[in-house]
Amino acid sequence: MIPSPPRFVKSDPPLPTGAVPIPPVANTHGMATRGKSGYLQSCLALLTEALSPLPRSCRDALADPHWRRAMEEEYAALQDNNTWDLVPCPAQANVVTGKWIFKHKFHADGSLDRYKARWVLRGFTQHSSVDYDETFSPVVKPATVRTVLTLAHSRDWPIHQLDVKNAFLHGTLSETVYYSQPTGFGDLALPGHVCKLNRSLYGLKQAPRAWYSRFASFLLSLGFSEAKSDTSLFVLRRGTETVYLLLYVDDIVLTASSEQLLHRLIAALKNEFAMKDLGPLHHFLGVAVQCHKDHLTLSQRQYILDILARHGMSDCKPCSTPVDTCAKVPADAGLPVADPTAYRSLAGALQYLTFTRPDIALISWSSKRQPTVSRSSAEAEYRAVANGIAEASWLQQLLQELHHPLQTASLVYYDNVSAVYLSSNPIQHQRTKHVEIDLHFVRERVAIGAVRVLHVPTTSQFADVFTKGLPFSVFMDFRSNLNVATNVQQRRMALKLLAVTAVSTVASTAVPLSLSGSNFFLKAETVTVVNNTLVNGTTKSGATTISTPSLHDLQIYGVVVTILLCFIVFGGVKIINKVAPAFLVPVLFSILCIYIGVSIAPEPGASKGITGLSIVTLAENWSSEYQPTNDAGVPDPNGSIYWDFNALLGLFFPAVTGIMAGSNRSASLKDTQRSIPVGTLSATLSTTLMYLLSVFLFGALATREELLTDRLLAAAIAWPGPAVIYIGIILSTLGAALQSLTGAPRLLAAIANDDIIPILNCFKAYEGSEPHVATLFTSFICIACVVIGNLDLITPTITMFFLLCYAGVNLSCFLLDLLDAPSWRPRWKIHHWVLSLIGASQCIVIMFMISWTFTVVSLAIASLIYYYVSLKGKAGDWGDGFKSAYFQLALRSLRSLGANNVHPKNWYPIPLIFCRPWGKLPENVPCHPKLADFANCMKKKGRGMSIFVSIIDGDYHESAEEANTAYRQLSAYIDYKHCEGVAEIIVARSISDGFRSIVQIMGLGNLKPNIVVMRYPEIWRRENLITQIPSSFISIINDCIIANKAIVIVKGLDEWPNEYQRLYGTIDLYWIVRDGGLMLLLSQLLLARDGFESCKIQVFCIAEEGTEAEELKADVKKYLYDLRMQAEVIVVTMKSMEAHSEISPNAKKDPQEEYASAQDRIRAYLSQMKETAQREGRPLMEDGRQVVVNEEKVEKFLYTMLKLNTTIVKYSMMAAVVLVSLPPPPLNHPAYCYMEYMDMLVVNVPRMLIVRGYRRDVVTLFT
């Protein structure tokens, strides 16, 4: 034995901690191993030491760092969520106790995920009607889960899984619950206090219900609808966009029709709840999900292993069927089970396992008596059919709510003939007349065509696998129809039942049910639809004098020649340049021979149809005449294919434009900017001249009959003989093929190298190398065309490709030249954008002349490619030519529009939405959602643009990054709310300074904002902001008045309807001050929205006396009639306003009490101002400006607001929204007083728009 190489002590690594020294190993190789180094590292030590066992008590958990960290995280989450308030224990209060629950959380593969500790209340210590009432909370049905996953996968929708962190903590409690402080985390300073719950907590009886109500209400606010067939399923349908959401406690499955919509909804959910996106669905409710291209696999493997391990059956041997078919066990056989708990646990676990293993349903299946006594077996069977059809009806309703209704009847298979007859035949006799009426809904469902009940023989009754023991062969046969996977081959078919069901649903086929007793299951029925094509006309046989070679032979020859040319192309450009003259010179020589033959024709012995060049012959051939051909392209008077000018143009065009393919190899040219224009124009002009000359020469050379029958007339007249032309034709064809195989791959590689279309990255070619992959791909296309062997089919396709390419090139040149893009190359000095526009138009016209169908398909494909490039390609680096054109057009329109006033009928609202909230918003929500909805309401005829502005307090240099972040958030939110507008962020030292800058400089010309929209600051007194909000609010209003901007202040924004809510009643306008018709315009804009379309308009006018009231009412009615507005006019006199002092029964607050409270607050505020002024020896000041207080005017102004408010409450308490004129702030009055005036105006009115117009009309009588 050869000894191992010597070991050097200096190179030996030190023994790590926990290593076990072992003797050196002698072997014959020189590889350094752990054995040679003298130690063995324990690889399992990490796993055995890292996993801490479940603690038996709270003390043990606090001693373990892993569990203590988990407890601290749970406690911190409870604290962050403001779950409780620590209060003294009330007398005779029921204090609920709690405990810590510990659990290891594992991945789907069994590896450790994290340590989970949860503080759970002992719900059994709660008292009914004291600290809980209703406790029921729905959970999603397994059938719903399977159906939703089926539809989503069949439509190739993304499916994501979401996990709500501490879901029950989000629930809001309606009861008062006290519980003891968490063990180990009690307040040492207040040990006798208890926790008063603000939010729901795990263990509470009402916790699931509170969480479900909270989550469902938020989804409904987003526009979701709750499915009636399963209340844990929520569906959102908006146009072509669809979203399904499944809720099971804190586990959520979300799928949508597009990735963008899915991520928008996930972002909305994250903004509302602490939630984690777990990515594509992989593990849900203990079910492992694997998504494949053509199927979806659901597996409960880990769950099965846990069941076997829990009951000590991990090493048991499998059996072939669930139940022994031979054993007959009497009811009283055997001894009773001493402890039935384990048996019941196992039965329940197996019942849940039927989610993915329906073949073991018999184990968890139980039989019981029907709740009613059946007088005949037919009635019992009929009851089973009714139960099955009820489930089928539920499935139909579920699919209806998923916006995927079945178009045909569902098939119910049953193995009892009597029940089948009873379901469709309304017969009554001694055995059936006693059947209960409710069971006859089966006949109703059959009669309306929703269900069909069919008989199935017992040998095909797949439901027997659920109800009885079956032989192995029958069991496996039935089991295979359930598509339960057990091996590799069957696993690929797992859940294909669902996929087939979805496909059959898409195809509007039936989803049959198979019934046996009271059990049933879905069975996939495959329906094959064959489109029968009727061929018009018949093929007529007849003798022909024209022969053609075998198409099969031509295909073989063509494939062989194409392969040989591919080998030449693979050699590179140098070889092609050497081979090219061998093809080009004979072709040019053959063309010269043709022209010589034309000049000397006719030769002796030539055909009688060849007359030589003659004006008479040209005149006879001048008129058009087209000859039919057969399918092989051979002229045949009885041929089925008729040619015309447009069809021949499709054949002829590639021959003319193919000469331009040389531009595809522009990278090989020395002077691209000169060679491409000059070379392309020279080649095109030469070719065009040659073709036109040939048309006239051959038209004057031979009779029409000779031109149509002699397919090689050019060879017949060529000098010195036809062989020259034959050789020229062959070499010309080979040269054209060589040119295509050379130019097309380089064009494809150039596109791939530019990263225009990412899907073409595999065709990239590095500089100096040959595009071998692109050449191989081009070769396959050429060979496929040769195999097709039908020029009539291939040529129009190639023609469309050429025309589409040239139209695109001309359109690009047109846009780039029109926009003066400096990066366009090559640029020719003679080029003008008009030439490109004419060229693009000509290409489109020729495409439509050739084939409308081909043109529409080609343009659709081009549009898809353009859209794909704009999303995935280099549009971000290159820029978008169309957007540049839009920009130039916008600039020119803006310059032509100027800054002059426009006519009222051309006036559109351009609202400036002030997003700075007078209150708090959720994190990452830059604007109140209802404010964005209101901005959408202000579009006139769906037109207009909104400017969303937010102001950040601070210095611009210090807050620039914060401003950029806020801009991105606000822009994203505008897109999410589908608002047509732009975002702007201003950094200023105060709100007043920032808004003053905005109102002066925002916008250009007539695109400056003309209406300022903001929220009414209802919180100014509640949040004790009496020194900040009033001054800012008054400053904004005064700035708008000075800048001549209209103002719309929205009061009750939280009560404003979103895009899915509807309001009923009236829209009341209190028209006090002339506002240019802005209030009338706003009312019409509101009526145009879905939320207010059921409302009517009421216009209230204020008059002095009764006679004046009638005149005013008539004038307003005439004005509204001229505007063609339908509204009821109501005149309120000042005397009636004075006389009205009673309190409306619908008023939440007493106006008189509010009036008295406002008086007291104003007096106190003014007294404090006066005391401060006297103490400091200065005049009355507020916010650095001098104010003048006339208490009599203050009292009068406040009383006027009281009268107007009581009038509004009297007439408009039930109105959908009230519009009232905004009173201007009195000059030199304290801002605090004005806020009190406004509060007096809006009290008891839930929704109000406070409007102030500006010095111009926005509506007109003239159209």
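Residues numbered from 1 in each chain as written. Predicted model: local features only at pLDDT ≥ 70, side-chain atom pairs only at ≥ 80, totals over all residues. Heavy atoms only, no water.

Visitor: Which residues make up the overall build of the protein chain, and what values go with them?
Guide: Regarding its fold elements, the protein chain presents 41 helices and 33 strands. Relative to its 1263 residues, the protein chain shows a buried fraction of 41%. Taken as a whole, the protein chain presents about 70400 Å² of accessible surface, with 58% of it coming from carbon and sulfur. (Helix = DSSP H or I, 4+ residues; strand = E, 2+ residues; numbered from the N terminus. Buried < 20%, exposed > 50% of the residue type's maximum accessible area, 1.4 Å probe, protein only. Areas by Shrake-Rupley, 256 points an atom, 1.4 Å probe, with all protein chains shown as cover.)

Visitor: Tell me what's going on with a negative patch on the surface, and back it up with residues and numbers.
Guide: A surface patch of like charges, here negative, comprises Glu-1104, Glu-1108, Glu-1111 and Asp-1115. With respect to the helices and strands, the residue Glu-1108 is situated in helix 37 (residues 1106–1122). (Patch = residues over 30% accessible without salt bridge, like charges linked within 9 Å, V, L, I, M, F, W, Y side chains within 5 Å. Salt bridge = Lys/Arg side-chain N within 4 Å of Asp/Glu carboxyl O. Lys, Arg positive; Asp, Glu negative; His and termini not counted. Charge placed at Lys NZ, Arg CZ, Asp CG, Glu CD.)

Visitor: Tell me what's going on with the pairing of strand 28 (residues 1096–1103), and back it up with residues and numbers.
Guide: The buried fraction of strand 28 amounts to six of the eight residues, a majority that puts the element mostly inside the structure. Looking at chain direction, strand 27 (residues 1066–1071) and strand 28 are connected through six bridges and run parallel. In the strand pairing of strand 28, Asp-1068 is matched with Gln-1098. Judged from the six bridges that link them, strand 28 and strand 29 (residues 1128–1133) form a sheet pairing that is parallel. Pairing of Phe-1100 across the sheet is with Ile-1130, part of strand 29. (Pairing = 2+ DSSP bridges.)

Visitor: Help me get a handle on the pattern of salt bridges, residues and values and all.
Guide: Under the criterion given, the structure shown has 15 salt bridges. Close ionic contact of Arg-989 with Asp-955 constitutes a salt bridge, the shortest N to O distance being 3.8 Å. Taken as a pair, Arg-989 in the loop between strand 24 (981–988) and helix 34 (991–1001) and Asp-955 in the loop between strand 23 (946–953) and helix 33 (956–976) lie far apart in primary sequence, 34 residues in all. A relative accessible area of 67% places Arg-989 in the exposed class. Among the ionic pairs, Arg-996 bridges to Asp-1039, the shortest N-O distance being 3.3 Å. Taken together, the residues Arg-996 in helix 34 and Asp-1039 in helix 35 (residues 1029–1042) connect sequence positions 43 residues apart. Its relative accessible area of 33% is what places Arg-996 among the partly exposed residues. For Asp-1039, a relative accessible area of 8% puts it in the buried group. By sharing partners, the salt bridges in this structure join Asp-993, Arg-996 and Asp-1039 into a single network.

Visitor: A description of the packing of helix 8 (residues 301–310) against helix 9 (residues 340–353) should follow, citing residues and the corresponding values.
Guide: The interhelical angle for the contact between helix 8 and helix 9, taken along N-to-C directions, is 170 degrees, at an axis separation of 11 Å. Classified by the angle between their axes, helix 8 and helix 9 sit roughly antiparallel to one another. Residue-level inspection shows Tyr-303, Ile-304, Ile-307 and Arg-310 of helix 8 in contact with helix 9, the latter providing Ser-345, Leu-346, Ala-349, Tyr-352 and Leu-353. In terms of residue class, the contact of helix 8 with helix 9 is made up of seven nonpolar, one polar and one charged. (Axes fitted to C-alpha atoms, helices over the stretch in contact; angles between N-to-C directions. Parallel < 35°, antiparallel > 145°, perpendicular 65-115°, else oblique. Contact = heavy atoms within 4.5 Å. Nonpolar A, V, L, I, M, F, W, Y, C, P; charged D, E, K, R; others polar.)

Visitor: Describe the packing of aromatic side chains, naming the residues involved and giving the relevant values.
Guide: Per the counting criterion, the structure on display carries 28 aromatic pairs. Between Phe-1100 and Tyr-1211, the ring centres sit 5.6 Å apart and the planes meet at 45 degrees, which makes this aromatic pair tilted. Taken together, the residues span a long stretch of sequence, with Phe-1100 in strand 28 and Tyr-1211 in helix 40 (residues 1191–1212) at a distance of 111 residues. Owing to a relative accessible area of 35%, Tyr-1211 belongs among the partly exposed residues under this scheme. Members of the aromatic cluster, each reached through a chain of ring pairs, are Tyr-75, Trp-84, Trp-100, Trp-119, Tyr-179 and Phe-185. When the ring centre of Tyr-202 is taken as reference, the NZ or CZ atom of Arg-118 above it lies at 3.8 Å. (Phe/Tyr/Trp six-rings, centres within 6.5 Å; stacked < 30°, edge-to-face > 60°. Lys NZ or Arg CZ within 6 Å of the ring centre and 35° of its normal.)

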